[in-house]
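A structural walkthrough
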Amino acid sequence: MRLPTAVNVFDVGCRDGFQMEKQFIPTSEKVAIVNRLARLGFRKMEITSFVSPRAVPQMQDAALVVAGAERVAGVTYAALVPNMKGAQRALETGVDELNVVFSVSESHNRANLRMPVADSLKNVADVISLARDQGGKPVNVSLATSFGCPFEGEVPRERVLKLAREALAMGAASLSFADTTGMANPRQVYELLGSFRDQFPDVQVTLHFHNTRAMGMANILAGLQAGVTNFDAALGGLGGCPFAPGASGNVATEDVVHMLEEMGISTGIDLDGLLETARYLEKVIGRTLPGQIMKAGKVKDLHPLACEQ
Ligand code: COA
Ligand code: ZN
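Residues numbered from 1 in each chain as written. Chains lettered and ligands numbered in written order. Predicted model: local features only at pLDDT ≥ 70, side-chain atom pairs only at ≥ 80, totals over all residues. Heavy atoms only, no water.

Below, the discussion takes up the pattern of salt bridges. Counted under the stated rule, the structure contains 15 salt bridges. With a closest N to O distance of 3.7 Å, Glu106 and Arg110 form a salt bridge. Of this pair, Glu106 and Arg110 both sit in helix α5 (residues 106-113), separated by four residues, roughly a single helical turn. Given a relative accessible area of 47%, Arg110 falls into the partly exposed group. Salt-bridge contacts for Lys298 lead to Asp272; the nearest nitrogen and oxygen are separated by 2.6 Å. With Lys298 in the segment after α12 (293-296) and Asp272 in helix α11 (residues 271-285), the pair connects residues that are 26 residues apart, well separated along the chain. (Salt bridge = Lys/Arg side-chain N within 4 Å of Asp/Glu carboxyl O. Helix = DSSP H or I, 4+ residues; strand = E, 2+ residues; numbered from the N terminus. Buried < 20%, exposed > 50% of the residue type's maximum accessible area, 1.4 Å probe, protein only.)

Dropping the structure here:
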């Protein structure tokens with residue numbers, strides 16, 4: 001099996017995870033989780049989004065969350081933005097990186113951002129030039145519904161690659177391909193990323209999987225085999241798009257780190273610290289998290305007596 005020796009896992013739980021929570025999570029708890037996570041070895045974390053507070057009330061305290069972040073050395077603090085207003089708000093707080101999102105499929109883009117893809121592309125270009133003018137902050141461009149759209153079904157690979165090419169031409173520092181509603185399968189991931197890496201071997205690319213249909217971990221393996229070394233994940237497996245029917249959580253950060261480390265692939269992330277933080281998160285949101293390792297424990301935790309049954 002051809003595998004890398006080290007990969008980056010980026011936690012997006014404080015954005016993708018929290019945006020689906022109906023009950024408002026107190027800002028102090030959000031900040032506490034950001035600061036706990038930041039000490040565990042992540043090189044990048046997406047800690048909030050600067051979206052319309054009417055669209056996603058949970059994210060109304062985005063600026064306060066950034067202000068409360070301890071800014072641990074070596075961690076890139078990123079925030080998602082949907083438009084220029086979001087980019088302006090985010091840049092005022094001094095985040096290190098913007099993640100501007102649009103959907104590859106028209107219907108999801110209209111449901112999520114209330115505009116056609118063409119207008120979103122213009123937004124992407126504007127956000128990139130704004131970030132360049134204001135301190136040269138890097139902008140990652142996320143292509144949502146890259147592997148399927150809950151309204152339209154299949155999303156043609158050529159369309160994904162065309163939009164990726166356009167985002168790069170606009171000056172995107174890096175790209176993320178997002179499986180917004182868990183429609184990707186491993187073969188599809190391998191083929192799309194294979195084509196992308198053939199065309200753009202030097203572009204930093206991140207894969208963002210939701211585990212809606214239990215294919216998330218298999219998709220990560222397919223991504224690894226296609227040469228991808230950056231993966232998003234959300235603490236505890238929380239998350240989902242509030243504007244997609246049947247959305248559910250991202251792959252859980254602790255499950256991803258556990259699998260990779262079991263495979264001898266280094267993540268640099270403190271797994272025990274992650275589990276402790278996930279237990280803290282369970283208390284904050286008042287329910288059990290969907291991640292697997294939280295329930296089963298690590299492979300290495302197995303008690304000898306457990307094997308006698
Ligand atoms: N931050 C704060 N306020 C914003 C904003 C932003 N990024 N973008 C727009 N607004 C405000 C406008 O100022 C305006 O306020 P007003 O009515 O008080 O003047 C209002 O929101 C409507 O603005 P408009 O440009 O017409 O936006 P819209 O209502 O069509 O909404 C989006 C478009 C993109 C802003 C909104 O749909 C959104 O934030 N979506 C994000 C969805 C999301 O987070 N999805 C999950 C992550 S992928
Ligand atoms: Zn997501």
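With that settled, the discussion passes to the site of ligand 1. As a structural note, the neighbourhood of ligand 1 is formed by 19 residues, with Ser52, Arg54, Asn83, Arg89 and Asn112 the closest of them. Interatomic distance of 2.9 Å between a side-chain N/O atom of Asn83 and a nitrogen atom of ligand 1. The separation between a nitrogen atom of ligand 1 and a polar main-chain atom of Gly86 is 3.2 Å. Summarising the interface, the protein chains cover 69% of the accessible area of ligand 1, which totals 930 Å² for the free molecule. (Near = heavy atom within 4 Å. Polar contact = N/O pair within 3.5 Å; in protein donor to acceptor, adjacent residues only side chain to side chain. Areas by Shrake-Rupley, 256 points an atom, 1.4 Å probe, with all protein chains shown as cover.)

This part is about helix α9 (residues 216-225). Within α9, burial applies to Gly216, Asn219, Ile220, Ala222, Gly223 and Leu224. Turning to α9, the residues buried within the fold contact β6 (174-179), α8 (186-199), β7 (205-209), β8 (230-233) and α10 (253-262). Immediately downstream of α9, the backbone of Gly227 shows phi near 95°, a positive value. (Contact = heavy atoms within 4.5 Å.)

Put simply, the largest pocket is a space of about 600 Å³. Taken together, 35 residues form the lining of the largest pocket, with Val51, Leu80, Pro82, Asn112 and Leu113 sitting closest to its centre. Elements supplying a minimum of two residues to the lining of the largest pocket: α1 (13-17), α4 (84-93), β4 (97-103), α5, β5 (139-144) and β6. Split into classes, the residues belonging to the lining of the largest pocket amount to 15 nonpolar, 14 polar and six charged. Roughly 170 Å³ of volume is contained in the second largest pocket. If you go around the second largest pocket, you meet 13 residues; those closest to its centre are Asn211, Ala252, Asp255, Pro290 and Gly291. (1 Å grid on protein atoms, 1.4 Å probe; cavity = no way out; pocket = protein on both sides within 12 Å on 5 of 7 lines; lining within 4 Å. Points joined across faces, edges and corners; volume = space filled by probe spheres on them. Nonpolar A, V, L, I, M, F, W, Y, C, P; charged D, E, K, R; others polar.)

The element β7 is largely enclosed, with a buried count of five among its five residues. Residues of β7 alternate between two faces, with Val205, Leu207 and Phe209 on one and Thr206 and His208 on the opposite face, all of them buried. Between β6 and its parallel partner β7, the chain crosses via α8, and the hand of that crossover is right-handed. Sheet analysis places β7 next to β8, joined by two bridges and oriented parallel. Note on β8: the bridge partner recorded for His208 is Asp232. Once you follow β7 into α9 and on to β8, the crossover reads as right-handed. (Right-handed = clockwise from strand over helix to strand, strands pointing away. Pairing = 2+ DSSP bridges.)

With respect to the helices and strands, Ser103 occurs in strand β4. What makes Ser103 buried here is its relative accessible area of 0%. Of note is the side chain of Ser103, whose polar atom sits 2.7 Å from the side chain of His108. Non-local contacts of Ser103, meaning those with residues more than four positions away in its chain, are made with His108, Asn109, Val117, Ala144 and Thr145.

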